[in-house]
Structure formats: structure tokens, C-alpha cells
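Topology and contacts: notes
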Amino acid sequence: MLRWEYALLVRRRQPRLDDTGWEVAYTWYGPDGAVLDVSPYGDTALAHLNRAGAQGWELVSVTEDGSQQGSAELHRYHLKRVLRPVASRPRLRNLGRAGRRTATG
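Residues numbered from 1 in each chain as written. Predicted model: local features only at pLDDT ≥ 70, side-chain atom pairs only at ≥ 80, totals over all residues. Heavy atoms only, no water.

1. Regarding the pattern of salt bridges
What counts is decided by this rule: Each reported salt bridge corresponds to a side-chain nitrogen of Lys or Arg within 4 Å of a carboxyl oxygen of Asp or Glu. Note on conventions: DSSP H or I runs of at least 4 residues are helices, E runs of at least 2 residues are strands, and numbering of each starts at the N terminus. We call a residue buried when its accessible area falls under 20% of the maximum for its residue type, exposed when it is over 50%, and partly exposed in between, using a 1.4 Å probe and counting protein chains only.
Tallied over the entire structure, the rule returns one salt bridge. Among the ionic pairs, Glu 5 bridges to Arg 81, the shortest N-O distance being 2.6 Å. Residue Glu 5 is found in strand E1 (residues 4-15), and its partner Arg 81 is found in strand E5 (residues 73-82); the two are separated by 76 residues along the sequence. Taken individually, Glu 5 and Arg 81 each receive the classification buried, so the pair is uniform in this respect.

This is the structure in C-alpha cells:
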């Protein structure tokens, strides 16, 4: 059965630290719970989506909220990719009667 994992890329508009206007920041919310500022990896949503696509992520949907001001979220990019199967540990074989140990030996 095919299983998926999901992530979220959020584009925010926020005031610059030097009070000279606004800047755009990108945050990655990974399937493992990680929250990373990925702004240094590119200055456009397309750059971030291409990077995610190269890692196997597929864009599922985009939500936009341009009505909020300041540091509110503007765009949310919902992504998914096939969950790679976890390597299973080898199972112990049933040794039957010959492999059983007793308290006496």
C-alpha cells in the first residue's frame, strides 16, 4: 500500500529589522515536526518549490490570505511525497524444540 508524508512551506511578509519596509520569509514545516527558516535557500516561492521537487515533494495545493497585514501568513504550499518504507528488522526464526534451552542446560 502506498503511504504519503506531508510538509508545508509558508511564505510570510514581515517587517524588516532595520525598519526600511517589508521582507519575505519562508518557513518549512517538515513531516518530522521540524520547523526551519529556509529563506536563505532562495528569494522566490518558485526557487523553494523547485528545491522541494528535487527532493521528491509534489505540490498538492496552495492557500493564500492576502487580507492580513504585517507578519501574517500570506501563502501556504502544501506538499506530499511517497513515504519510503522503513527497513524492517530481521525476525527471529522459530527454533522449534531443538533450539529451546532449559534451565538445566
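Moving on from the model shown.
2. Notes on the packing of aromatic side chains
We count it as follows: Any pair of Phe, Tyr and Trp rings, taking the six-membered ring for Trp, is counted once the centres come within 6.5 Å. Such a pair is stacked with planes under 30 degrees apart, edge-to-face with planes over 60 apart, and tilted for the rest. Any Lys NZ or Arg CZ found within 6 Å of a ring centre and within 35 degrees of that ring's normal is scored as a charge over the ring.
Inspection of the entire model under this criterion finds one aromatic pair. Ring geometry for Trp 28 against Trp 57: centres 5.5 Å apart, planes inclined by 75°, an arrangement best described as edge-to-face. Of the two residues, Trp 28 is situated in strand E2 (residues 22-29) and Trp 57 in the loop between helix H1 (45-54) and strand E4 (58-64); the sequence distance between them amounts to 29 residues. Each member of the pair, Trp 28 as well as Trp 57, carries the same accessibility label: buried. Lying over the aromatic face of Tyr 41, Arg 51 brings its terminal NZ or CZ to 4.3 Å of the ring centre. For the cation-ring pair, Lys 80 lies above Trp 4, with the distance from its terminal atom to the ring centre recorded as 3.8 Å.

3. Remarks on the side chain of His 75
Rule in force here: By the criterion applied in these results, polar contacts are pairs of N or O atoms within 3.5 Å in which, for protein atoms, one can donate a hydrogen and the other can accept it, and in which residues neighboring in sequence qualify only through two side-chain atoms. Here, two residues are considered to be in contact whenever any of their heavy atoms come within 4.5 Å of each other.
Tracing the sequence through the fold places His 75 in strand E5. In this structure the side chain of His 75 is engaged in a polar contact, spanning 3.5 Å, whose partner is the side chain of Glu 64. Not counting chain neighbours up to four residues away, the residues in contact with His 75 comprise Leu 9, Val 10, Arg 11, Thr 63 and Glu 64.

4. Brief notes about the nonpolar core
Put simply, the rule is: Nonpolar cores were defined as sets of buried Ala, Val, Leu, Ile, Met, Phe, Trp, Tyr and Cys residues, with membership established by side-chain atoms within 4.5 Å.
Of all hydrophobic cores here, the largest spans 11 residues; its members are Ala 7, Leu 9, Tyr 26, Trp 28, Val 38, Ala 45, Leu 49, Ala 52, Trp 57, Tyr 77 and Leu 79. Listed by contribution, the elements that provide at least two residues to this core are E1, E2, H1 and E5. Among the elements that make up this core, the one with the highest residue count is H1 (three residues). What Ala 7 contacts, discounting residues up to four positions off in sequence, is Trp 28, Tyr 29, Gly 30, Pro 31, Trp 57, Tyr 77, His 78 and Leu 79.

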